[in-house]
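# Descriptive structure summary
Below are the chains, spelled out letter by letter.
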Amino acid sequence: MSDSSTEPFLVFGAPRIEAAEIAEVEACLRSGWLGTGPRVAQFEHDFADYQRVAAGQVAAVNSCTAALHVSMIAAGLEPGAEVITTPLTFCATVNAILHAGLMPVLADVDADTRNIDPAAIEAAITPRTQAIVAVHFAGRPCQMDAISAIARKHKLALIEDCAHAIETEYRGEKAGSFGDFGCFSFYVTKNVVTGEGGMIVGRDQAHIDRARVLALHGMSKDAWHRFGDAGYRHYQVVEAGFKYNMMDIQAALGIHQLRAVERHWARRKAIWQRYQHAFAELPVTRPLEAAPDTRHAYHLYTLMIDEARCGMTRDGFLDAMNRRRIGTGVHYLSIPEHPYYQQRFGWRPEQWPRAMANGRQTVSLPLSPALDDADVTRVIEAVHATLR
Ligand SMILES: *Cc1c(COP(=O)(O)O)cnc(C)c1O
């Protein structure tokens, strides 16, 4: 570890921002139109194209958390209804259910894919269940045939948390197109970056229209129509909405990030495969290869650090990587590890043992398209040196 401490810190999840994004942000600033306007409209149009849906079926918002929140409301569920989701997700998935006045119910993951287990969903259904939120973990699609069938059979709303899954496909269909809503994130570490940002894809026109209204104060006309050059138009407030709209400055980044989405995907896939090869002989569990007839978004590359096999705890591994100046992530400590949910619902991690075991052993290595080959070599050497 002698001279490694002089090397720059490799930031986990650093985005790849190029000249086109920078020029577009500058043009946006110079245009005088910073808020929701023509660049958001273009980004929505381009994103709808990429997701192979009509332009009217998407709504840009300022985060995936906002997308999940308004989707939960626009799904029109009864207050207090139960919503089944995974314990192996970011807290925003569960908080959005709570903020919509609904009751989260956790169903354990499959230990290998880390996606919600359809059999566990079935087992968690009660007469009060009205929705499922599926999270495509790391960009690997959930078993959408089984989950869609459960939703149909029990007349449940289906919402897809696609924060990791912009490029994901399942049997030729895009992630986000199976549910009533698909919710996407453009946070700095995600596959398309706007700084903060999100998108809702909605199947039913009335539902996506309502989500769009909810995302801008509950106003019947958005600011683009109000302040454009078409003359003053009165708006009407039709319900108590939220301040969740995306700005043109954010969309300026997104327009060019989306043009690079396939190039960045190919770069992450190449890094992912280098890691798979480099760690084949180590006493760690590597992620599963993409399943046949699916497309993996390669959002995260995770190793399982099992103390019994590695002679080192997961947290010891994180510290050792940090000393070698490599940033890492943990996706995720399972939801019931957090005190808020323990206190409010009496949940204990042991109730969802597969998510608990995953959350206590998992480490995410840097997988940004901004990494060059030498950066990837540094990560590989640091992992080998740590586990030697
Ligand atoms: C990042 C993330 C979110 C939240 O996205 P934001 O855009 O930061 O609000 C939700 N769910 C999952 C699984 C995520 O990884």
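Chains are numbered independently. Their residues run from 1 in the order of the written sequence. The predicted origin of the model limits local features to residues at a pLDDT of at least 70 and limits the giving and counting of side-chain atom pairs to 80 or more, whereas totals for whole chains, interfaces and linings rest on all residues. With hydrogens and water set aside, each side-chain value is computed from the structure's full complement of heavy atoms.

### Quick word on the overall build of the chain
So the rule is basically this: Numbering of helices and strands runs from the N terminus, with a helix taken as a DSSP run of H or I at least four residues long and a strand as a DSSP run of E at least two residues long. Values of the radius of gyration come from C-alpha atoms, whereas the globule rule sets the reference at 2.2 Å times the count of residues to the power 0.38. Relative accessibility thresholds used throughout: buried, under 20% of the residue-type maximum; exposed, over 50%; partly exposed, between the two (1.4 Å probe, protein chains only).
Scanning the chain for helices and strands turns up 15 helices and 12 strands. Here the chain has a C-alpha radius of gyration of 21 Å; the compact-globule value for 388 residues is 21 Å, and the two agree. The dimensions of the chain, computed from C-alpha atoms along their principal axes, are 70 × 55 × 40 Å. When the 388 residues of the chain are sorted by exposure, 55% land in the buried category.

### Some points on the sheet that holds strand β4 (residues 129-135)
The cut-off we apply is this: A strand pair is defined by DSSP finding two or more bridges across the two strands. Structural elements are reduced to axes, namely lines fitted to C-alpha atoms, with helices fitted over the stretch in contact, and the angle between N-to-C directions of any two is expressed from 0 to 180 degrees. The contact definition used throughout considers only heavy atoms, calling two residues in contact when any of these lie within 4.5 Å.
Taken in spatial order, the 7 strands line up as β1-β9-β8-β5-β4-β2-β3 in an open sheet, and their pairing is mixed. Looking at strand neighbours, the two that pair on one side only are β1 (58-61) and β3 (103-106), the edges of this open sheet. Taken over all neighbouring pairs, the strand axes of this sheet differ in orientation by 20° on average, direction set aside. By the bridge criterion, 4 bridges tie β1 to strand β9 (residues 198-202) in an arrangement that is antiparallel. Bridging from a neighbouring strand, Val 61 pairs with Gly 198 of β9. Across the sheet, helix α2 (residues 38-51) is in contact with β1, β8 (181-185) and β9; its angle to β1 comes to roughly 130°. Contacts between helix α6 (residues 144-153) and the sheet are confined to β4 and β5 (157-161), with β5 contributing the most and set at about 150° to the helix.

### What about the state of the cysteines?
The following threshold applies: The criterion for a disulfide is a pair of cysteine sulfur atoms lying within 2.5 Å.
The full count for this structure, using the stated rule, is 0 disulfides. Counting only cysteine sulfurs, Cys 183 is the nearest neighbor of Cys 64, a cysteine outside any disulfide, at a range of 5.5 Å. With no disulfide partner, Cys 142 has as its closest neighbouring cysteine sulfur the one in Cys 162, 9.0 Å distant. The buried category is assigned to Cys 142, whose relative accessible area is 0%.

### Remarks on empty space enclosed by the protein
Empty space among the atoms becomes visible once a probe the size of a water molecule is rolled across them. Counted only if it meets this: The rule is simple: put a 1 Å grid over the protein atoms alone, call a set of points where a 1.4 Å probe fits but cannot get out a cavity, call an open set with protein on both sides within 12 Å along at least five of seven lines a pocket, and count a residue as lining if it has an atom within 4 Å of a point. Grid points are joined across faces, edges and corners, and a volume is the space filled by probe spheres set on the points. Following the grouping adopted for this structure description, the nonpolar residues are Ala, Val, Leu, Ile, Met, Phe, Trp, Tyr, Cys and Pro, the charged ones are Asp, Glu, Lys and Arg, and the polar ones are all others, Gly among them. Boundaries of every domain are those given by an automatic assignment or by a domain database.
The final tally for this structure, using the stated rule, is 1 cavity of 30 Å³ or more. Size it by volume and the largest cavity reaches roughly 110 Å³. Lining the largest cavity are Asp 112, Thr 113, Arg 114, Phe 137, Ala 138, Arg 140, Trp 272, Pro 287, Leu 288, His 296, Leu 300 and Thr 302. Class assignment of the residues belonging to the lining of the largest cavity gives a composition of 6 nonpolar, 3 polar and 3 charged. Taken domain by domain, the lining of the largest cavity gets at least three of its residues from each of domain 1 (19-259) and domain 2 (261-387).

### Observations concerning the packing of helix α1 (residues 19-31) against helix α9 (residues 248-259)
We apply this condition: Roughly parallel refers to an angle under 35 degrees, roughly antiparallel to one over 145, roughly perpendicular to one between 65 and 115, and oblique to any angle outside these ranges. The crossing is said to be left-handed when, going from far helix to near helix, the turn is anticlockwise and less than a right angle, and right-handed when the turn is clockwise.
Two elements in contact, α1 and α9, have axes separated by 8 Å at closest approach and are oriented at 150°. Here α1 is positioned roughly antiparallel relative to α9, judged by the angle of their axes. Considering only the axes of α1 and α9, their crossing is right-handed. When α1 is examined against α9, the residues Ala 20, Glu 21, Glu 24, Val 25, Cys 28 and Leu 29 are found in contact with a partner set consisting of Asp 248, Ile 249, Ala 252, Leu 253, His 256 and Gln 257. A class-by-class count of the residues in the contact of α1 with α9 yields 7 nonpolar, 2 polar and 3 charged.

### Focus on the site of the ligand
Heads up, the rule is: Any residue with at least one heavy atom within 4 Å of a molecule or strand is counted as near it. Under this definition, polar contacts are N or O atom pairs within 3.5 Å; protein pairs additionally need one hydrogen-donor-capable and one acceptor-capable atom, and for neighbouring residues in sequence, both atoms have to be side-chain atoms. To be clear on the numbers: accessible area is Shrake-Rupley with a 1.4 Å probe, and residue cover counts the displayed protein chains and nothing else. Think of it this way: if more than half of a molecule's atoms are within 2 Å of a pocket's grid points, that molecule is in the pocket or cavity.
Looking at the ligand, there are 15 residues lining it, with Thr 65, Asp 161, His 164, Ser 185 and Lys 190 nearest. Here Thr 65 contributes a side-chain N or O atom positioned 2.5 Å from an oxygen atom of the ligand. Here Ser 185 contributes a side-chain N or O atom positioned 2.7 Å from an oxygen atom of the ligand. Surface burial for the ligand is 93%, taken as the share of its 380 Å² of free accessible area covered by protein chains. With respect to the pocket detection grid, the ligand is positioned in the largest pocket. Here the shell around the ligand is composed, by residue class, of 6 nonpolar, 7 polar and 2 charged.

### Some words on the layout of surface pockets
What the largest pocket holds in volume is close to 590 Å³. If you trace the largest pocket, you find 38 residues lining it, with Ser 185, Tyr 187, Thr 189, Lys 190 and His 299 closest to the centre. For the lining of the largest pocket, the elements supplying multiple residues, two or more each, are α3 (64-74), α4 (91-99) and α10 (261-278). Counting residues per element, the lining of the largest pocket draws most heavily on α3, which supplies 3 residues. Broken down by class, the residue content of the lining of the largest pocket amounts to 18 nonpolar, 15 polar and 5 charged.

### Comments concerning the pairing of β5
If a strand is regular, its side chains alternate between the two faces of the sheet. With 5 of 5 residues buried, β5 lies mostly within the body of the structure. Going residue by residue along β5, you find Ala 157, Ile 159 and Asp 161 tucked away on one face and Leu 158 and Glu 160 tucked away on the opposite face as well. Sheet topology note: the β5/β8 ladder contains 3 bridges and is parallel. If you follow Ile 159 over to β8, its bridge partner there is Phe 181.

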